Amino acid sequence: MLGVSIILGLIGVVCILDSRILGRLNMERPLFTCTLVGLALGDLPTGLAVGASLELMSLGIVNIGAAAPPDMNMAAIITCAFAILTDATMETALALAVPIAVLGQMIGVVVRTLLANLTHVADRAIEQGRFKRAWQMHIVWGTIFYSLMYFIPIFLAVYAGTDMVQSIVGVVPAWFTEGLNLGSKFLTAYGIALLLSTMLNKELTVFFVLGFFLVGYLNLNITAIAIFAVILAVILSGLKFRAAAAAGNDLDDYDPLEDDL
């Protein structure tokens, strides 16, 4: 398990550094992290299944300012690894996600507190003209702290052994596990509701209703609906562009993104 623990810990490091020094590649999403875990452990279908479920649970979780929400990314890596290594059911795996996410949240608060102090050290270094030291505080030590914040918990959780995790889950009361399962379903619905609240308006609601009835009455799966949605979006965008051209707008200066619905 040593090699597996190190690999999964490094996957966590890559994910946590995504929005910090690697740009924004969306690696900090459960669907991506679980996909990488599935590839590393040789079980991509389980990785995708766990990642999709946790992605729905975390849709409404957004880092705003210095707030540290439950760390669903760390939970995704550990939960997916346990699901694959122990052949656990999806319900059992998802039941582990919530407490792990809360633990990741507490670790995140501690690390961000340390990083805030490093910022003050960097400020004093800049006042003294010690720019290299300020650079080290932000780039070197900030990267190290963020990396350890993910590597250590993930490494220890996996290296401790799946038997220990199974024994812990075994002593958890059934009512508590069922409560976590119910809570995960509420989080999924809440995440979707928060996402829709920022997207839906009176013009787009009709498309949401259309997708709902396509699922309910034609029994189409989500992939088929997504394909039809992309085709419909391309067609409607083209029609809107032609309508703007017919209205006398200059095609070279016309930007459909600036045209409010």
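Our structure's up above, just so we're on the same page.
Report on the accompanying structure.

Parameters at a glance
- Residues numbered from 1 in each chain as written.
- Predicted model: local features only at pLDDT ≥ 70, side-chain atom pairs only at ≥ 80, totals over all residues.
- Heavy atoms only, no water.
- Axes fitted to C-alpha atoms, helices over the stretch in contact; angles between N-to-C directions.
- Helix = DSSP H or I, 4+ residues; strand = E, 2+ residues; numbered from the N terminus.
- Parallel < 35°, antiparallel > 145°, perpendicular 65-115°, else oblique.
- Left-handed = near helix turned anticlockwise from the far one by under 90°.
- Contact = heavy atoms within 4.5 Å.
- Nonpolar A, V, L, I, M, F, W, Y, C, P; charged D, E, K, R; others polar.
- Disulfide = S-S within 2.5 Å.
- Core = buried A, V, L, I, M, F, W, Y, C linked by side-chain atoms within 4.5 Å.
- Buried < 20%, exposed > 50% of the residue type's maximum accessible area, 1.4 Å probe, protein only.

### Quick notes on the packing of helix α1 (residues 2-16) against helix α2 (residues 30-41)
Okay, so step 1: Relative to each other, α1 and α2 sit at 155 degrees, their axes nearing to 10 Å. Taken as axis vectors, α1 and α2 run roughly antiparallel relative to one another. Taken as a pair, α1 and α2 cross one another with a handedness that is right-handed. The residues of α2 that touch α1, namely those facing Val4, Ile7, Leu8, Ile11 and Cys15, are Thr33, Leu36, Val37, Ala40 and Leu41.
Okay, so step 2: Of the residues assigned to the contact of α1 with α2, the class counts are nine nonpolar, one polar and no charged.

### Let's talk about the environment of Leu22
Okay, so step 1: Within the element layout of this structure, Leu22 appears in the loop between α1 and α2.
Okay, so step 2: Leave out the neighbours within four places in its chain, and Leu22 touches Val14 and Leu17.

### Here's the deal with the state of the cysteines
A disulfide bridge is the covalent bond that connects two cysteines by way of their sulfur atoms.
Okay, so step 1: As enumerated under the stated definition, the model contains zero disulfides in all.
Okay, so step 2: Of all cysteine sulfurs, the one in Cys34 lies closest to Cys15, which takes part in no disulfide; the gap is 9.3 Å.
Okay, so step 3: Not part of a disulfide, Cys80 finds its nearest cysteine sulfur in Cys34, a span of 4.2 Å.

### Comments concerning the nonpolar core
Okay, so step 1: Judged by nonpolar contacts, the single largest core of 44 residues is most densely connected at Leu8, Leu54, Ile78 and Ile154.
Okay, so step 2: Counting residues per element, the ones that place at least two in this core are α1, α2, α3 (44-57), α4 (72-86), α5 (90-127) and α6 (131-159).
Okay, so step 3: The greatest single-element share of this core, amounting to 13 residues, is contributed by α5.
Okay, so step 4: The residues touching Leu54, leaving out its near neighbours within four places in the chain, are Pro30, Cys34, Met72, Ala75, Ala76, Thr79, Leu94 and Ala97.

Take it as geometry only, folks, not as evidence of what the structure does.
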